[in-house]
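Architecture and fold: a report
The primary structure of each chain is shown beneath.
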Amino acid sequence: MNYEIILASNSPRRRELLAGLDIDFEVKVLEGIDESYPPHTPVSEIAVCIAEKKAKAYLNLLTDSQLVITADTIVVLGEEVLGKPVDRTDACRMLRLLSGKTHQVITGVCLTTTKEHRRLSVVSDVTFKSLTEEEISYYVDHYRPYDKAGAYGIQEWIGYIGVTRLSGSYFNVMGFPVQRVYQELVRMCGMDALIRDDKVRP
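Structural notes, computed from the coordinates. (Residues numbered from 1 in each chain as written. Predicted model: local features only at pLDDT ≥ 70, side-chain atom pairs only at ≥ 80, totals over all residues. Heavy atoms only, no water.)

**Quick notes on the environment of valine 27**
- As for its placement among the helices and strands, valine 27 is situated in strand 2 (residues 25-27).
- Separated by 76 residues in the primary sequence, valine 27 and histidine 103 have C-alpha atoms spaced 30 Å apart.
- Dropping the residues within four chain positions of it, valine 27 is found in contact with Leu7, Ser9 and Arg15. (Helix = DSSP H or I, 4+ residues; strand = E, 2+ residues; numbered from the N terminus. Contact = heavy atoms within 4.5 Å.)

**So, the state of the cysteines**
- Under the counting rule described, the total for this entry stands at zero disulfides.
- Of all cysteine sulfurs, the one in cysteine 49 lies closest to cysteine 110, which takes part in no disulfide; the gap is 9.3 Å.
- By relative accessible area, which is 0% here, cysteine 110 ends up buried.
- Here cysteine 189 stays free of any disulfide, with the sulfur of cysteine 110 as its closest cysteine sulfur at 15 Å.
- When its relative accessible area of 7% is taken as the criterion, cysteine 189 is described as buried. (Disulfide = S-S within 2.5 Å. Buried < 20%, exposed > 50% of the residue type's maximum accessible area, 1.4 Å probe, protein only.)

**Observations regarding the pattern of salt bridges**
- Under the criterion given, the structure shown has 17 salt bridges.
- Between aspartate 90 and arginine 93 there is a salt bridge, and its shortest N-O distance comes to 3.0 Å. Within this pair, aspartate 90 and its partner arginine 93 are both found in helix 3 (residues 88-98), separated by three residues, close to a single helical turn.
- Aspartate 90 sits in the buried class, given a relative accessible area of 13%.
- Of the charged contacts in the structure, one is a salt bridge between glutamate 135 and lysine 129, with a shortest N-O distance of 2.8 Å. (Salt bridge = Lys/Arg side-chain N within 4 Å of Asp/Glu carboxyl O.)

**Examining the packing of aromatic side chains**
- Taken as a whole and assessed by the stated rule, the structure comprises four aromatic pairs.
- A centroid spacing of 5.0 Å and a plane angle of 80 degrees characterise the contact between phenylalanine 128 and tyrosine 152, whose relative ring orientation is edge-to-face. Placement of the pair is phenylalanine 128 in strand 6 (residues 117-128) and tyrosine 152 in the loop between helix 4 (133-143) and helix 5 (157-162), with a sequence separation of 24 residues. Take phenylalanine 128 and tyrosine 152: they sit in the same class, and that class is buried.
- With 4.7 Å between their ring centres and 55 degrees between their planes, tyrosine 138 and tryptophan 157 make a pair best called tilted. You can see tyrosine 138 sitting in helix 4 and its partner tryptophan 157 sitting in helix 5, a full 19 residues away along the chain.
- Owing to a relative accessible area of 22%, tryptophan 157 belongs among the partly exposed residues under this scheme. (Phe/Tyr/Trp six-rings, centres within 6.5 Å; stacked < 30°, edge-to-face > 60°.)

In short, geometric facts, not functional conclusions.
Written out as structure tokens, the structure reads:
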């Protein structure tokens, strides 16, 4: 089916990556969705749990011809979940924790229609070199990563100078495992609906 695809995210990175698939979509964001999760939720399930809560908020608003994509990304060091920093002090604290260590980036994604619901979770391992206080301060002050889980964007300066190893999807670390999303869209919509000769390329 040729669904009208809705991306339920304010993230410019997710918009950019979904646009890279050359598919038509629109962005619709509901405000005030509760993104909490039960306290004993396994770390590996937190991101997809939040993505599912977002999907449920849209379900009653969907028509039969619409498909909504919801997502959430967390950074995990050991058993500690690093969300978005609340201020400069918190951002610097998170980067000090990540310095010289390997952590996981987990993105949960849900693709939901009135008839079908698919969920996926993708994990990438990221290793940072030992970051100096000067590097941490420079990055936080110049890039203000307060909208990013773990207080960093791999596609920014800190990724250029700090990431020494990556295992898994680079785009997942950016916040959207676009290759897996494409696979699920093909299953739900059919390849002919996604790849069409009549589309105008830039």
